[in-house]
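# Examining the three-dimensional arrangement
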Amino acid sequence: MNAVVLLGPPGAGKGTVAEVLVDKGYRHVSTGDLLREQIRLQTKLGLEAKKLMDQGQFVPDEVVVGMIRSLMESSDMSAKFLFDGFPRTQIQAEKLDELLQSFSGKIDDVVLLECPDEVIVERLSGRRTCTKCGAVYHIKYNPAERRDGCDMDGCELMQRPDDNEATIKNRLHVYAEQTAPLISYYTEQGLIHPVDATMSIGEVRSAVLEKLG
Ligand code: ADP
Ligand code: ADP
């Protein structure tokens, strides 16, 4: 049970890159998507997470680690996970190492999507997401071909409640404080592959595929 981690600030393009890696046999796991699914189902976990997510704050480590643990326990030993938005704190990173070890697995690579704050603000402000399947678009850089909805299922596109300017600023601050230290954690282990995420979607995807090749 091995894993690749996509690391990088909110809006750097982790989900967008993940879409092409799924075709290479990776199982895409986005903790943000898992949490939004709990919100949609109106579970207790989802309702508590929503309050934090809407403010751009992290959901507690034990909640997120618990979700990942159950997912691993119910997965095949040959699974190749692609983690997107996890780990986000030092504790989560250590717990992930422990969990993988308990399944005789490890992290093979960590791809770091590097992107300056001004690019992120523009990307997140223009992000649109399908209300049903979660497909991600951008009003300028990756618009839906249908004018009235999602290209996959025709459902309405929305702006995520946390993609407004004030919350974006808060998320960038939380990233710098809690997640950026993971760059040295993984650099020390020789796992980091930096990629310039300011390039076009196609160029970033190719660069990531090359690093993982
Ligand atoms: P982004 O587009 O910022 O990368 P995500 O969809 O990954 O957004 O996450 C949205 C929100 O969900 C985060 O701002 C945070 O509140 C919560 N979240 C997602 N993953 C984690 C995690 N690993 N630890 C704590 N909170 C998380
Ligand atoms: P993350 O998962 O890191 O939060 P997303 O994959 O959701 O990021 O991308 C954030 C927004 O930026 C989306 O609207 C997406 O369409 C757009 N986007 C992603 N990668 C690029 C890129 N290389 N160039 C321009 N826009 C991009």
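Bear in mind the structure is a predicted one, so any value in this text is a computation, not a measurement.

What follows covers the pattern of salt bridges. Counted according to the given criterion, the structure contains 13 salt bridges. Linking aspartate 163 and arginine 127 is a salt bridge whose minimum nitrogen-to-oxygen distance equals 2.8 Å. Pair noted here: aspartate 163 is in the loop between strand S7 (157-158) and helix H7 (165-179) and arginine 127 is in strand S5 (residues 127-130), with a separation of 36 residues, a long-range link. Comparing aspartate 163 with arginine 127, the two get one shared label, buried. Connected through salt bridges with shared partners, the residues Arg127, Arg160, Asp162, Asp163 and Arg171 form a single ionic network.

Near ligand 1, the surroundings consist of 19 residues, among which Pro10, Thr31, Arg36, Gln57 and Arg171 are the closest. Glutamine 57 places a main-chain nitrogen or oxygen 2.6 Å from an oxygen atom of ligand 1. Contact distances for ligand 1 include 3.0 Å between a nitrogen atom and a backbone N or O atom of glycine 85. Protein chains shield 97% of the accessible area of ligand 1, which is 550 Å² for the free molecule. In terms of residues, the shell around ligand 1 owes the most to one element, helix H2 (residues 31-40), which gives four residues. By residue class, the composition of the shell around ligand 1 is seven nonpolar, five polar and seven charged.

If you check the shell around ligand 2, you find 20 residues, and the closest are Gly11, Lys14, Thr16, Arg127 and Tyr137. The separation between an oxygen atom of ligand 2 and a polar main-chain atom of glycine 11 is 2.9 Å. Coverage of ligand 2 by the protein amounts to 94% of the 570 Å² it exposes when considered alone. Listing elements by their share of the shell around ligand 2, those giving two or more residues are helix H1 (14-22), strand S6 (136-138) and helix H9 (201-212). Of the residues that constitute the shell around ligand 2, the class distribution is ten nonpolar, seven polar and three charged.

Parameters at a glance
- Residues numbered from 1 in each chain as written.
- Chains lettered and ligands numbered in written order.
- Predicted model: local features only at pLDDT ≥ 70, side-chain atom pairs only at ≥ 80, totals over all residues.
- Heavy atoms only, no water.
- Salt bridge = Lys/Arg side-chain N within 4 Å of Asp/Glu carboxyl O.
- Helix = DSSP H or I, 4+ residues; strand = E, 2+ residues; numbered from the N terminus.
- Buried < 20%, exposed > 50% of the residue type's maximum accessible area, 1.4 Å probe, protein only.
- Near = heavy atom within 4 Å.
- Polar contact = N/O pair within 3.5 Å; in protein donor to acceptor, adjacent residues only side chain to side chain.
- Areas by Shrake-Rupley, 256 points an atom, 1.4 Å probe, with all protein chains shown as cover.
- Nonpolar A, V, L, I, M, F, W, Y, C, P; charged D, E, K, R; others polar.

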